Amino acid sequence: MDEMALDDQAIRPIIEGSDLVGGIYYMNYDEGVIVSNDKWKDDAGGIPRHCYLLATATDWENPDEFEEEDAYAVLLRATGPEKLPAEDDLMKVREEAMRRKITNDTGVDTRNVPGSSEEIMDVLTKNEIQFSGINAKILGTIYETDDGVQFGSDVETFYSSARYKVYKPRPEALSKIFQLIQLDQSESDDSVIRLGRVRYTSTERNSELYDATVPLDINDVVGNKTALFGMTRTGKSNTMKVLATNIFEHAVETDQEIGQLLFDPAGEYANVNTQDDETALADIHDDVVTVYSWGGGGDDVESLQIDFFDYQQIDEVWQTIKLHLTRDRDYVNSFKAANPVAPEQQDDNRGEVNEAVRCQSALYACLIRAGFETPNGFSTPIPTNVNVRNAVNAHLDDNDPDFENSDFGPSGWSFVDENRLEEFWDIVANNREDINNADEDWITNDVEAMLTMFNQEAGNGYQILEELRRYHDPGTQGYYPDIIYDSLADGDIVIVDLTSGTDEINQRISKTIVERVVERQVDMFTNGQEPHNIEVYVEEAHRLFGSDYLDDADATDPYVRLAKEAAKYNIGLIYATQEVSGVDGRVLANTANWIVTHLNNRNETKELSRYYNFEDFERLTLEAEDVGFARVKTLSGQFIVPTQIDKFDQDLITRAGNRYEQRYGDGDSSRQETL
Ligand SMILES: Nc1ncnc2c1ncn2[C@@H]1O[C@H](COP(=O)(O)OP(=O)(O)OP(=O)(O)O)[C@@H](O)[C@H]1O
C-alpha cells in the first residue's frame, strides 16, 4: 500500500489528533480491556469515566505496513477500572511502595511482597506498578467505504491478540468523530449547529474540551419531538433558547420559514434578564419576533386581551369568564351554567340561536355594569318579540324612545348601544312579573342567572366580574390565535408572555393558541397542501403529555393531537419537564431527541433506560447537578454523548440577528420579497 492510500484515509487525521494511551489485551463483541500506564494517561490529560477511545490495528505512520483492510477504528467508551492479570502482585508492590513513601521506613517487612527490596525498586523503576487496566464498552466501528466514512454500531469480529493500540482523541479529533458519525451525512453543513461540547465528569479541574464540539443536526429537531428532562435550574430553558436561536439562524441561512412558538411563564424569553447576559430571545430581531402579553401596549408587545364584546369571540370570552369565577356559590354556579354561545344560525334552529343571543345580550349588560368599556360604535342585538317589547316599553321614561324591531338582522332583533342595552335589562330585571305575563318563556333559566348577577341580587353580583377587565381590550383588531398563527406561518418567533395571567387563564390561552395552530395545519394537510414548519416549545410537559391528561381528553384535544400526530402536520415539539415518568409512553416512544440533565431519583433514570442506554450514565445523571451538563441522544446520533450545553448569551443572539440583517436587510418587507 502506498502513501497515497494511507493519506486518503479519513480516519488518519483523527488518529493523528489523538494520544496513545495503551493497548487492548482482551476483547469480545461488547467490551475490551485496555492496559494503560500512568505516564501515558497523564500525557493524554487523564482518562475519565465515559471518555471516548479509539482502538486500531493499523500502523498509521508507516505506509509500508499499511493494510487497507485494517483501516478501521473501534470506538470505545471507558466504563471503569479492570483488574490486570498480575493485579494481585502489583497491589502488593504498590502497597509496599506506598508505606515506604508515607513512613519513610526502609525496614518495612517485605515478606508479603514479591521479591527483595531491590526487586521491588527494580519493578518501580520500570514503572510496572503504574500499569492498570481499563474496561471499555464498544460503541461501534468507524470504517471507510467508497461512499465515505461509515459507522457500524458493533464490531464484525474481534481479535484476542494484542493487535490494537488505543488512542484518546484530543478535542478537535473528537469533534471530527462526531461530525462523521453523529450526523446524517446526507444533510448539508448548514443544518448543523453546535449544541455544546463534550464533558465527561462533574469535576473538571482544567477542561480543555471547549473545542470538542457536540453537533446537532437541526433537521433532527424541526418537525420532531425533543425532550428536555432535568431538575429545576439545571438548564432546560437555556437549552430551549439555544435551540430556538439556532433554528432561527438555520432558517435564515437556508431561506426557510420555520415558525417558533414559545410559552413564557417566567417572562425569561420575552424580557432582557441578567441570567442571560442582559439579553433575551426576543432581542434577535424586531422584524421577526413578536411578544404577546396581557396588557400589551409596550414597544413591540402585542396584546393577548380580547374584546369581550366581539360576538365572534364569545366562546373564548365565555370560557375565560367561567375559568375566572371559582367561587362555589349558587348564583355563581347558575351563572356559569348558562349558555350565551349561539350555534351557527340555521333556519331550523332559530329558537336556540335566539335564546343564546338573548343570554349573550344580558351578559354584555352585566359586563357594562362591571365597568367594561365598549368598543367605538358598539351596537348589539336583543332578540325580543312584540309582547316583550311592549312590556318593556311601558316602563320607559317619557323621553326615551321605544325599543323597536330593527330594520336589519333577524326578525325580532333590536340593535342597541351600551346605554340602551343597560336600560333594557334594567327594566327587565326590575319588572320580571310583567315580562313573564307578556311571554312566560322569555326569561329562561339562563337569562334569570344573568339578571341575578346584573341586579346584584346575590353576593357581590356583577362586581365579581370586575377583575376580568384586565383581559379585555375594546380596541383589539382580530383574534390573537389567528394573528399568531399567521406570524408563525411567516416564519416568525412568537413569545407568549404569561407572567401576569392566572394559572387557569394562562392554560386556557396556551391551549387556544395551540388548538388554532393544530387546526390550521390539519386544514392545510387535508387540503393537500404542505403544512408550514412550526416548532412549539412546552414547559411543565407532564401536565399536558402525561397519561392522565391524554387518556381523559378526547381525540380532538390539541395536546392529544400534538402528542400523536404532530409530525404529520410538520409541527415539532420541544418539551421540558422534571419527570420522565410523568410523560406518557406514547410520547416518549415518539421522541427523537433526548437531552437529560440531573434527575434526582432512580425511578426517573429507570424510566429513561427503557429508551437507549441511559443506564450507562445513571450515576452521573443522579449525582452530577451541574447546570447545563446533559446526556444527549439525537435522532441521527449513534450514541449518547455527555455534553455541556452552551450558554445562551449576547453572542448567540447577535450572531443570529446579524445573519438575518445580512440576508434580508433591515425591514420585514425585504424579507418577504426575498422569500
Ligand atoms: N449551559 C449552561 N451554562 C451555564 N449556565 C447555565 C446553563 N444553562 C443554564 N444556566 C444558568 O442556570 C440557571 C438555570 O437555568 P434554566 O432556567 O435554564 O434552568 P431550568 O432547568 O429551565 O429551570 P426551571 O425548571 O426552574 O425552569 C440560569 O441562571 C441559567 O442562566
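Residues numbered from 1 in each chain as written. Predicted model: local features only at pLDDT ≥ 70, side-chain atom pairs only at ≥ 80, totals over all residues. Heavy atoms only, no water.

Observations concerning the overall build of the protein
Move 1: On a plain count of helices and strands, the protein comes out with 25 helices and 21 strands.
Move 2: Counting all 675 residues of the protein, 53% fall into the buried class.
Move 3: Look at the contacts in the protein between residues 6 or more apart in sequence, and 71% of them connect residues 24 or more apart.
Move 4: Accessible surface, the protein as shown: approximately 30,600 Å² in total, 41% of it carbon and sulfur. (Helix = DSSP H or I, 4+ residues; strand = E, 2+ residues; numbered from the N terminus. Buried < 20%, exposed > 50% of the residue type's maximum accessible area, 1.4 Å probe, protein only. Contact = heavy atoms within 4.5 Å. Areas by Shrake-Rupley, 256 points an atom, 1.4 Å probe, with all protein chains shown as cover.)

Regarding the sheet that holds strand β9 (residues 213-217)
Move 1: Pairing in this open sheet of 12 strands is mixed, and the strands run β9-β8-β21-β20-β19-β10-β18-β17-β11-β16-β12-β13 from one edge to the other. Both edges of this open sheet fall to β9 and β13 (301-303), since each of them pairs with a single strand only. Neighbour-to-neighbour, the strand axes of the sheet open up by a mean angle of 30°, direction not taken into account.
Move 2: For strand β20 (residues 629-633) and strand β21 (residues 641-645), the ladder comprises four bridges, and the chain directions are antiparallel. Note that in β21 the partner of Arg631 across the bridge is Pro642. (Pairing = 2+ DSSP bridges. Axes fitted to C-alpha atoms, helices over the stretch in contact; angles between N-to-C directions.)

Details of the UniProt feature "domain: Helicase HerA central" (unreviewed entry) in the protein
Move 1: According to UniProt, the positions carrying the feature "domain: Helicase HerA central" (unreviewed entry) are residues 208-282.
Move 2: Taken end to end, residues 208-282 is 29% helix and 23% strand, and its two terminal C-alpha atoms sit 33 Å from one another. (UniProt positions renumbered as here; feature names shortened; annotations may be inferred.)

A word on the pairing of strand β4 (residues 72-82)
Move 1: Pairing of strand β3 (residues 52-56) with β4 involves four bridges; the strand directions are antiparallel. Looking at β4, one finds that Tyr52 is bridged to Arg77.
Move 2: With 10 bridges connecting them, β4 and strand β5 (residues 131-145) associate as antiparallel partners. Looking at β5, one finds that Ala73 is bridged to Ile142.

Quick word on the packing of aromatic side chains
Move 1: Evaluated as defined, the whole model comprises 27 aromatic pairs.
Move 2: For the ring pair Phe424 and Trp442, a centre distance of 6.1 Å and an interplane angle of 65° mean the geometry is edge-to-face. With Phe424 in helix α13 (residues 418-430) and Trp442 in the loop between α14 (432-438) and α15 (445-454), the pair connects residues that are 18 residues apart, well separated along the chain. We note that Phe424, like Trp442, is buried.
Move 3: Taken together, the ring pairs connect Phe229, Phe545, Tyr549, Tyr559, Tyr575, Trp594, Tyr611, Tyr612 and Phe614 into an aromatic cluster. (Phe/Tyr/Trp six-rings, centres within 6.5 Å; stacked < 30°, edge-to-face > 60°.)

Brief notes about the domain arrangement of the protein
Where the parts come together, the accessible area they lose is often given as the size of the interface.
Move 1: When the domains of the protein are assigned, the result is domain 1 (3-181), domain 2 (194-199 + 210-302 + 477-664) and domain 3 (311-471).
Move 2: Domain 1 puts 15 residues into the contact, and the matching count from domain 2 is 17 residues.
Move 3: Where domain 1 abuts domain 2, roughly 1,300 Å² becomes buried across the two surfaces, and 61% of that area is made up of carbon and sulfur atoms.
Move 4: Counting the contacts that link domain 1 with domain 2 gives two salt bridges.
Move 5: Between Asp616 and Arg77 there is a salt bridge, with its nearest N and O atoms 2.5 Å apart.
Move 6: The interface formed by domain 1 and domain 2 contains five residue pairs in polar contact (both at pLDDT 80 or more).
Move 7: Listing elements by their share of the side of domain 1 that touches domain 2, those giving two or more residues are β4, β5 and α6 (171-181).
Move 8: The dominant element in the side of domain 1 that touches domain 2, judged by the number of residues it contributes, is α6, at seven residues.
Move 9: Its residues assigned to classes, the side of domain 1 that touches domain 2 comprises eight nonpolar, three polar and four charged. (Domains from an automatic or database assignment. Buried area = accessible area lost by both parts, 1.4 Å probe. Salt bridge = Lys/Arg side-chain N within 4 Å of Asp/Glu carboxyl O. Polar contact = N/O pair within 3.5 Å; in protein donor to acceptor, adjacent residues only side chain to side chain. Nonpolar A, V, L, I, M, F, W, Y, C, P; charged D, E, K, R; others polar.)

Notes on the pattern of salt bridges
Move 1: Here the structure, examined in full by the defined rule, presents 33 salt bridges.
Move 2: One salt bridge connects Arg663 with Asp255, and the closest N-O pair in it is separated by 3.6 Å. Here Arg663, found in helix α24 (residues 650-664), pairs with Asp255, found in the loop between α8 (236-253) and β11 (258-264); they are 408 residues apart in sequence, far enough to count as distant.
Move 3: Since its relative accessible area comes to 37%, Arg663 is described here as partly exposed.
Move 4: A relative accessible area of 35% means that Asp255 is categorised as partly exposed.
Move 5: Salt-bridge contacts for Arg586 lead to Asp551; the nearest nitrogen and oxygen are separated by 2.9 Å. Taken as a pair, Arg586 in helix α21 (residues 585-589) and Asp551 in helix α19 (residues 547-552) lie far apart in primary sequence, 35 residues in all.
Move 6: Asp551 gets classed as exposed once you look at its relative accessible area, which sits at 52%.

Quick look at the site of the ligand
Move 1: In the vicinity of the ligand, 15 residues are found, and the nearest of them are Thr232, Lys236, Ser237, Asn238 and Ile645.
Move 2: One of the side-chain nitrogen or oxygen atoms of Thr232 is found 2.6 Å away from an oxygen atom of the ligand.
Move 3: Take Ser237: an N or O atom from its side chain is 2.7 Å from an oxygen atom of the ligand.
Move 4: For the shell around the ligand, the elements supplying multiple residues, two or more each, are α8 and β21.
Move 5: In the shell around the ligand, the residues fall into three nonpolar, eight polar and four charged. (Near = heavy atom within 4 Å.)

Brief notes about the packing of helix α9 (residues 314-324) against helix α11 (residues 350-369)
Move 1: The contact between α9 and α11 brings their axes to 13 Å, and the two run at 55°. Relative to α11, α9 is oriented oblique. For the pair α9 and α11, the crossing hand works out as left-handed. Within the contact between the two elements, α9 uses Ile314, Trp318 and Ile321 and α11 uses Gln360, Leu363, Tyr364 and Leu367.
Move 2: Residue classes in the contact of α9 with α11 are distributed as six nonpolar, one polar and no charged. (Parallel < 35°, antiparallel > 145°, perpendicular 65-115°, else oblique. Left-handed = near helix turned anticlockwise from the far one by under 90°.)

Topic: the pairing of strand β12 (residues 289-293)
Move 1: In terms of burial, β12 is a largely internal element, five of the five residues being buried.
Move 2: Judged by which residues are buried, β12 turns out to be covered on both faces: Val289, Val291 and Ser293 on one side and Thr290 and Tyr292 on the other are all buried.
Move 3: By the bridge criterion, five bridges tie β12 to strand β16 (residues 493-497) in an arrangement that is parallel. Each bridged residue has a counterpart across the sheet, and for Thr290 the counterpart in β16 is Val494.

A word on α11
Move 1: If you check α11, its first and last C-alpha atoms are 29 Å apart, about what 20 residues at 1.5 Å a residue would give, namely 28 Å.
Move 2: Of all 20 residues that make up α11, 15 are buried, and the element is covered over most of its length.
Move 3: With its phi angle positive at about 90°, Gly371 sits one or two positions after the end of α11. (Expected span 1.5 Å × (residues − 1).)

Some details on the nonpolar core
Move 1: In terms of nonpolar packing, the biggest core is built from 106 residues, with Phe229, Ile321, Trp425 and Phe545 touching the most fellow members.
Move 2: Each of two domains, domain 2 (194-199 + 210-302 + 477-664) and domain 3 (311-471), supplies a minimum of three residues to this core.
Move 3: Apart from residues lying up to four places away in sequence, Ile321 is in contact with Phe308, Phe335, Leu363, Leu367, Leu465 and Leu468.
Move 4: Counting 46 residues, the second largest nonpolar core, distinct from the first, contains Ile15, Ile134, Ile177 and Phe178. (Core = buried A, V, L, I, M, F, W, Y, C linked by side-chain atoms within 4.5 Å.)

Remarks on unusual backbone geometry
Move 1: If you check the backbone angles, Asp255 has positive phi at about 55° while not being a glycine.
Move 2: One non-glycine residue, Gln456, lies in positive phi territory at about 55°.
Move 3: Taking the relative accessible area as the measure of exposure, Gln456 reaches 33% and is therefore partly exposed.

Comments concerning the packing of helix α16 (residues 480-489) against helix α17 (residues 503-526)
Move 1: α17 packs onto α16 with a crossing angle of 55° between their chain directions and a minimal axis gap of 9 Å. The angle between α16 and α17 falls in the class oblique. Pair α16 / α17 crosses with right-handed handedness. In this structure, α16 contributes Tyr480, Pro481, Asp482, Ile484, Tyr485, Asp486 and Leu488 to the contact, and α17 contributes Ile509, Thr512, Ile513, Arg516, Val517, Arg520, Gln521 and Met524.

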